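# Secondary and tertiary structure notes
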Amino acid sequence: MTGSLNILLVASECFPFAKTGGLGDVAGSLPQFLHQSGHNIIVVIPMYSFIDRTSYKIGTTVKKMEVRMGSECITCSVNKTKLTAGVPIYFIDYEPFFGRPNIYHNDDFTDYADNPRRFTFLSKAALQLCHELNFRPDIVHANDWHTAILPAYLKRLYKDDPLLGDAAGVLTIHNIAYQGRYDRSYYGYTGLPEEDFTADKFECLRAVNFLKGGIHFANMVNTVSKGYAAETKTPAGGYGLHEWLNKKGDDYVGILNGVDYSQWDPEKDTLIPANYTYADISGKYVCKSILQKQLKLKRSEKTPVIGIVSRLVEQKGLYVLSACIEDIVNTMDVQFAILGSGDNQLEGFYGSLPQRYAGKVGSYIGYNNELAHRIEAGSDFFLMPSITEPCGLNQIYSLKYGTLPIVRATGGLNDTVENYNPDTGDGTGFKFRDLSGKAIYNTVGWALDTYHNRKSHFKKLMKKAMEQNFSWEESAEKYVQLYNRAIENKKSR
Ligand code: ADP
Ligand code: GLC
C-alpha cells in the first residue's frame, strides 16, 4: 500500500501532557512528523487528572462511551485537543483508573497494583473510540507493554469487525526491561481466549506477560535503535524474550528515535536564558553561569560542568556512578548539575550530595522540564553511564547543545555518539565499555583533560556534535515503511 495511511497510536504518555521519559517525547513528536508527511494519525492516551484542561484547550468530545472488559462494562468519556502540528489527541477519561497524581506509581515509587487493568482498559477503549469516531485505521501502533495487547485484540476480538478487521498491529518496544508481568488472574480481564494463555503468547512462567503477547501478535515489531535491536536478540539483552524476538526474523527491526528540534535546539529553545549557535557560542556561557547560580554551584566559567538528567533507576547506571562520583568530585576540578526522580535510594543519594559537596554538586529531585533544557544548555558534558539504553534521547539533545556526551557504549548510546579520536580530533563524545566505577572515573578524567589541555580538539568535537542531525524526517519515513510491511504481513498471513 502506498499513499496516505490512517494510523491510531496509543501510548501511556505523551509530551507535553504527561511524560516521565523518552516514550512521552516520541509519542508527542513522531505523530506530528507523520501528519506533516500527509498521514492521517490520531493519538490516544489516558486523561490523567493532573493534565491541565484549560491551558491545553481540552474539551469533552464523547460524553459517554461503553467499553467491555471481560464480563464487565465500563462507562467512560473522551476528551480531545490537538498537538501543535494539528494532530488530534484523545484522552480516555475514567477517573477510577486515571484520577491519580502520577502516571504509573504511588508517591513512594511503588507501581499502582492495578496497572494491568488500567492499561488494558486504555487499549480496549482506544479501539472502541475508532467506532465512536468512525475512524478506520490501517495501522494500530502500540507502545511498550502497556498497550502491547492491541495487536492481540485486533486478531482475536476484531477479526471480522467492519472498521478494525483490516488494521495491522505494530508494536514498538521502547524498553524490554519493562514487560508487564503480572499474576495470571489479570488475564481474565483482557477478555482474550484462554487458548492464548500459552508459553508462545501471553504466558511466562504461569504469569501473564503483556509484552510477550504483543510480540507474538504484532504484524511488525520494532525497537528504538539498531544496536538495541541486536542486543535484545541475545540471551543477555533480551530479558527472557530474545527467543521470541529471533522468531520474528525480519519482522523485528531497529529504528532510531528522532528529535523534535522545535523543542531541543539552542538556537530556538525558549526555556533557556540565552540562545546560541556554534558560530556565536557566547550564549552558552550565559546559560552556564545562570545554571551555576540556579543550582548553587560556584560561579566559574573555567570549571567544566557535567549534566545528568535522568529517571533515577538502576538501568541508567546510577548505582555504579554512585560508587565513583565522590572520587571524581574530590580529585578533579569539575561540577555536577543533576536532575532526576525515581528510586528512593537514588533520590536520597543524589539529593544529599549538594550538602556534602557545596558549590561542586547541585541537584534537583523531581520532574522539571525547564531545568532539563537549562542543564542541556549550561553544561559542558552530559553523562549517561547506562547499563542498557534502548535509544536514549538526552545524549542526542546534548549533541545539538554542544554539550559533549560521556556515555557507556551500549544500545542507542553507542549508535549515536562517535568516540573521540585523540590522534585526529574527530568524534562527538567520549565512550567507555566496562560497567564499573573505574571506567566512569577514567573516562570523565579523559574528557576533562581534553577540555583543559586540547582546546582545539575540544572545539572540533563541539562543532561536529552541533552539526549532527537526528531529526524525525528520516526516522518517520522508516516508520511508514514499517507500517507498510505490517499491512503486507497482515494480508499475506
Ligand atoms: P528514558 O526514556 O529511558 O527515561 P530518554 O533519554 O529516552 O530516557 O528520555 C528521557 C527524557 O525524559 C528526556 O526528554 C529527559 O529530558 C526527560 N527527563 C528525564 N528525567 C527528567 C526529569 N526529572 N525532569 C524533566 N525531564 C526529565
Ligand atoms: C525508553 C528507553 C529510552 C528511549 C525511550 C524512547 O524509555 O529507556 O532509551 O529513548 O524509551 O524510545
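Just so you know, these numbers come straight off a predicted model, no measurement behind them. (Residues numbered from 1 in each chain as written. Chains lettered and ligands numbered in written order. Predicted model: local features only at pLDDT ≥ 70, side-chain atom pairs only at ≥ 80, totals over all residues. Heavy atoms only, no water.)

### So, the overall build of the chain
Threshold: Starting at the N terminus, helices and strands are each numbered in turn, a helix being any DSSP run of H or I of at least four residues and a strand any DSSP run of E of at least two. Exposed residues in this analysis have more than 50% of their type's maximum accessible area, buried residues have under 20%, and partly exposed residues fall in between, with area computed by a 1.4 Å probe over protein chains only. Contacts are residue-level and defined by heavy atoms, with any inter-residue pair within 4.5 Å sufficient. Counting rule applied: Lys, Arg positive; Asp, Glu negative; His and chain ends not counted. Just so you know, the charge point we use is NZ for Lys, CZ for Arg, CG for Asp and CD for Glu.
When you go through the chain residue by residue, the secondary structure sums to 19 helices and 18 strands. Dimensions of the chain along its principal axes, counting C-alpha atoms only, are 70 × 50 × 45 Å. Of all 493 residues assigned to the chain, the portion counted as buried reaches 61%. Sequence separation of at least 24 residues holds for 71% of the intrachain contacts in the chain that already meet a minimum separation of 6. Counting 54 positive and 54 negative side-chain charges, the chain places the averaged centre of each group 2 Å from the other.

### Here we look at the nonpolar core
As a reminder, the rule being used: In this description, a nonpolar core means a group of buried Ala, Val, Leu, Ile, Met, Phe, Trp, Tyr and Cys residues linked to one another through side-chain atoms lying within 4.5 Å. The start and end points of each domain follow an automatic or database-based domain assignment.
Ranked by size, the top nonpolar core spans 169 residues in total, and within it Ile 92, Phe 121, Phe 336 and Phe 381 carry the most contacts. Two domains each provide a minimum of three residues to this core, namely domain 1 (6-258 + 472-492) and domain 2 (282-467). With near-sequence residues (within four places) excluded, Phe 336 lies in contact with Leu 297, Ile 306, Ile 308, Ile 325, Ile 328, Val 329, Lys 360, Val 361, Gly 362 and Leu 383.

### With respect to the domain arrangement of the chain
As a reminder of what qualifies: The term salt bridge refers to a side-chain nitrogen of Lys or Arg lying within 4 Å of a carboxyl oxygen of Asp or Glu. Residue type decides the class: Asp, Glu, Lys and Arg count as charged, Ala, Val, Leu, Ile, Met, Phe, Trp, Tyr, Cys and Pro as nonpolar, and the leftover types, Gly among them, as polar.
Its domain assignment divides the chain into domain 1 (6-258 + 472-492) and domain 2 (282-467). One C-alpha centre belongs to domain 1, the other to domain 2, and the line joining them spans 32 Å. Facing the 21 residues of domain 1 at the interface are 20 residues of domain 2. Counting across the domain 1 and domain 2 interface gives 0 salt bridges. Taken together, the elements giving at least two residues each to the side of domain 1 that touches domain 2 come down to α1 (22-36) and α8 (226-232). It is α8 that contributes the most residues to the side of domain 1 that touches domain 2, 4 residues altogether. When its residues are assigned to classes, the side of domain 1 that touches domain 2 shows 8 nonpolar, 8 polar and 5 charged.

### Comments concerning the sheet that holds strand β13 (residues 305-312)
Let me state the cut-off plainly: If DSSP finds at least two bridges between two strands, the strands pair. Helix axes are fitted only over the stretch in contact, all axes being lines through C-alpha atoms; the angle between N-to-C directions runs from 0 to 180 degrees.
With parallel pairing, the 6 strands of this open sheet are ordered in space as β15-β14-β13-β16-β17-β18. Where the open sheet ends on each side, the last strands, each with one partner, are β15 (361-365) and β18 (430-432). Pairs of neighbouring strands in the sheet enclose a mean axial angle of 15°, with direction left out of account. As defined by bridge partners, strand β17 (residues 404-408) adjoins β18 across 3 bridges and the pair is classed as parallel. Pairing of Ile 406 across the sheet is with Phe 430, part of β18. Lying on the sheet, helix α18 (residues 455-467) is in contact with β16 (381-384), β17 and β18; it crosses β17 at an angle near 85°.

### Brief notes about the packing of helix α10 (residues 282-294) against helix α14 (residues 369-378)
So the rule is basically this: By the definition adopted for this analysis, an angle is roughly parallel if under 35 degrees, roughly antiparallel if over 145, roughly perpendicular if from 65 to 115, and oblique otherwise. By definition, turning the near helix anticlockwise from the far helix through less than a right angle yields a left-handed crossing, and turning it clockwise yields a right-handed one.
The contact between α10 and α14 brings their axes to 8 Å, and the two run at 125°. As summarised for this structure, α10 and α14 are arranged oblique, according to the angle between their axes. The handedness of the crossing between α10 and α14 comes out as left-handed. Residue-level inspection shows Lys 284, Cys 287, Lys 288, Ile 290, Leu 291 and Gln 294 of α10 in contact with α14, the latter providing Leu 371, Arg 374, Ile 375, Glu 376, Ala 377 and Gly 378. Residue composition of the contact of α10 with α14, grouped by class: 6 nonpolar, 2 polar and 4 charged.

### Considerations on the site of ligand 1
Heads up, the rule is: Proximity is defined per residue: if any heavy atom of the residue lies within 4 Å of a molecule or strand, that residue is considered near it. Two N or O atoms form a polar contact when they lie within 3.5 Å of each other; inside protein one atom must be a possible hydrogen donor and the other a possible acceptor, and for residues adjacent in sequence the pair counts only when both atoms belong to side chains. Methods summary: accessible areas were calculated by the Shrake-Rupley approach with a probe of 1.4 Å, and residue burial reflects only the protein chains presented.
Near ligand 1 there are 21 residues, and of these Gly 22, Asp 25, Arg 311, Lys 316 and Gly 366 occur at the shortest range. Arg 311 has a polar side-chain atom sitting 2.7 Å from an oxygen atom of ligand 1. Residue Leu 393 places a main-chain N or O atom 2.8 Å away from an oxygen atom belonging to ligand 1. Expressed as a share of its isolated accessible area of 570 Å², the protein-covered part of ligand 1 is 93%. Of all the elements in the fold, those that place two or more residues in the shell around ligand 1 are α1, β13, β14 (335-342), α14 and α15 (394-400). No other element matches the 3 residues that β13 contributes to the shell around ligand 1. Composition of the shell around ligand 1 by domain shows at least three residues from each of domain 1 (6-258 + 472-492) and domain 2 (282-467).

### Quick look at the pairing of β13
Within β13, 7 of the 8 residues are buried, leaving the element largely enclosed by the surrounding structure. With 8 bridges joining them, β13 and β14 adopt parallel strand pairing. The residue of β14 that forms the bridge with Ile 306 is Phe 336. Two elements, β13 and β16, share 2 bridges in a ladder whose sense is parallel.

### Considerations on the environment of Leu 171
Within the element layout of this structure, Leu 171 appears in strand β7 (residues 168-173). Classification of Leu 171 as buried rests on a relative accessible area of 0%. Distance from Leu 171 to Thr 147, taken between C-alpha atoms, is 8.5 Å for residues 24 residues apart in sequence. Apart from the residues within four sequence positions on either side, Leu 171 is in contact with Ala 142, Asp 144, Ala 148, Leu 211, Gly 214, Ile 215, Ala 218, Met 220, Val 221 and Asn 222.

### Some thoughts on the state of the cysteines
How we decide: The disulfide definition used here is simple: a pair of cysteine sulfur atoms within 2.5 Å.
Evaluation of the coordinates by the stated rule reveals 0 disulfides. Unpaired in terms of disulfides, Cys 73 finds its nearest cysteine sulfur in Cys 76, a separation of 9.4 Å. Judged by relative accessible area, Cys 73 falls into the partly exposed class, the value being 38%.

### What about the environment of Tyr 367?
Assignment of secondary structure puts Tyr 367 in the loop between β15 and α14. On the accessibility criterion, Tyr 367 (46% relative accessible area) is partly exposed. Placed 27 residues apart in sequence, Tyr 367 and Gly 340 show a C-alpha to C-alpha distance of 6.5 Å.

### With respect to α10
The line we're drawing: Take the number of residues in a helix, subtract one, and multiply by 1.5 Å to get its expected span.
For α10, spanning 13 residues, the distance from its first C-alpha to its last is 19 Å, which sits close to the expected 18 Å at 1.5 Å a residue. Gly 283, Lys 284, Cys 287, Lys 288, Leu 291 and Gln 292 are the residues of α10 that are buried. Along its buried surface, α10 packs onto β13, β14, α14, α17 (437-453) and α18. After α10 finishes, the residue Lys 296 shows a positive phi value of roughly 55°.

### Concerning the side chain of Asp 161
Inspection of the secondary structure assignment puts Asp 161 in the loop between α5 (150-156) and β7. Buried and unpaired, Asp 161 has Arg 136 as its nearest opposite-charge partner, separated by 7.2 Å. Looking at Asp 161, its side chain comes within polar contact range of the main-chain nitrogen of Leu 164, at 2.8 Å.

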